[in-house]
Amino acid sequence: MSVDTEQPGSTVPRLVVTEVDKVFPAGRRSAGGVQALQQVSLTIEPGESVGLVGASGSGKTTLARLVTGVGRPSAGTITFGSLRVDRLRRRQLRGYRREVQLVFQDPYAALNPVHTVGYALSRPLVNFLGSDPREVRRLVLRLLDSVGLTPVEQFIEKMPHQLSGGQRQRVVIARALASEPKLLVADEPVSMLDVSLRAGILSLLADRRRERGISLLYITHDLLSARVVTDRLVVLNQGRVVETGATVEVLQHPRHPYTRQLLAALPNPFLSKTGLGQPEGG
Ligand SMILES: Nc1ncnc2c1ncn2[C@@H]1O[C@H](COP(=O)(O)OP(=O)(O)O)[C@@H](O)[C@H]1O
Ligand SMILES: [Mg+2]
């Protein structure tokens, strides 16, 4: 079965995070313990793209980890369709990891330096989809093409160090798409890339997501980048949701002082308006 032939979003479950707390016990980093998340609730409808925005330390990555089944909430529930993510057993985790894929901030760390691009992309095809070895190459080439790494025959043999940061993040996105996931969690996927490459990578993410009908949790501290990829925003401040709403609405009429503060911290809004959204290379 290929996602290409499916009705977009038809088999994508709803993600529901309900009143989640996460407390890290006292340790080296935190004498009295850290409440990283407090009563966080959010929903991602099938095929919807939600932005989780907040300053550094607001709890974004902590939530991303819980949503992907890494660690458990101290309180509250997380469900993906009928699956209780906060209670996943080891044997269910494998299936869940296929359906929910992560794109991290650092494309340098995400790829194994000793494996070719072709190998990195073939692994999920073999492991998760059980693709026929003869089929794998065809699928790898198709993935490379879908993330704009052409001519594909050249990229399949390359090692990560032979690629630019932008090209590497394209490989990481292709690898995340390889297992035909239903939800992508992208945690600051462009913040380590050169500014000139960011819009190109974000449009790519937005386009592939839309055509496959995949849900997206896009995590960022940069409100304007969220406009390129998200339908709705959830604003997190010190572990609490302080505002939610349609992306356009929140950006134009922010209600919470913290959201206004995030917006005010942005560079010249006119430049950002004209600069983002333009397809660029990378
Ligand atoms: N493993 C951990 N142990 C202790 N504290 C942690 C751990 N992970 C995150 N934190 C703390 O939780 C808070 C939220 O962190 P994080 O989720 O990484 O924020 P963000 O991704 O928004 O920058 C911070 O105060 C951070 O120091
Ligand atoms: Mg983070």
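Residues numbered from 1 in each chain as written. Chains lettered and ligands numbered in written order. Predicted model: local features only at pLDDT ≥ 70, side-chain atom pairs only at ≥ 80, totals over all residues.

Moving on: the packing of helix 5 (residues 133-146) against helix 7 (residues 165-178). In the contact formed by helix 5 and helix 7, the axes pass within 9 Å of each other and the chain directions differ by 130°. Between helix 5 and helix 7, the interaxial angle falls into the category oblique. Where helix 5 crosses over helix 7, the two elements pack in a sense that is right-handed. Contacts between helix 5 and helix 7 pair Leu143, Leu144 and Ser146 from the former with Ala174, Leu177 and Ala178 from the latter. The residue inventory of the contact of helix 5 with helix 7, partitioned by class, reads five nonpolar, one polar and no charged. (Axes fitted to C-alpha atoms, helices over the stretch in contact; angles between N-to-C directions. Helix = DSSP H or I, 4+ residues; strand = E, 2+ residues; numbered from the N terminus. Parallel < 35°, antiparallel > 145°, perpendicular 65-115°, else oblique. Left-handed = near helix turned anticlockwise from the far one by under 90°. Contact = placed C-beta atoms within 7 Å. Nonpolar A, V, L, I, M, F, W, Y, C, P; charged D, E, K, R; others polar.)

For the rest of this paragraph, the subject is the site of ligand 1. Surveying the vicinity of ligand 1 reveals 14 residues, the closest of which are Phe24, Ala36, Lys60, Thr61 and Thr62. At the level of elements, strand 2 (34-44) and helix 1 (60-67) are the ones that each hand at least two residues to the shell around ligand 1. Across the shell around ligand 1, the residue classes break down as three nonpolar, nine polar and two charged. (Near = placed C-beta within 6 Å.)

Okay, the pairing of strand 4 (residues 75-80) next. Examined bridge by bridge, strand 1 (residues 15-24) and strand 4 share five bridges and lie antiparallel to one another. Bridge pairing in strand 4 places Val16 opposite Thr79. Between the antiparallel neighbours strand 4 and strand 5 (residues 83-84) lie two residues, among them Gly81 with a positive phi of about 60°. (Pairing = 2+ DSSP bridges.)

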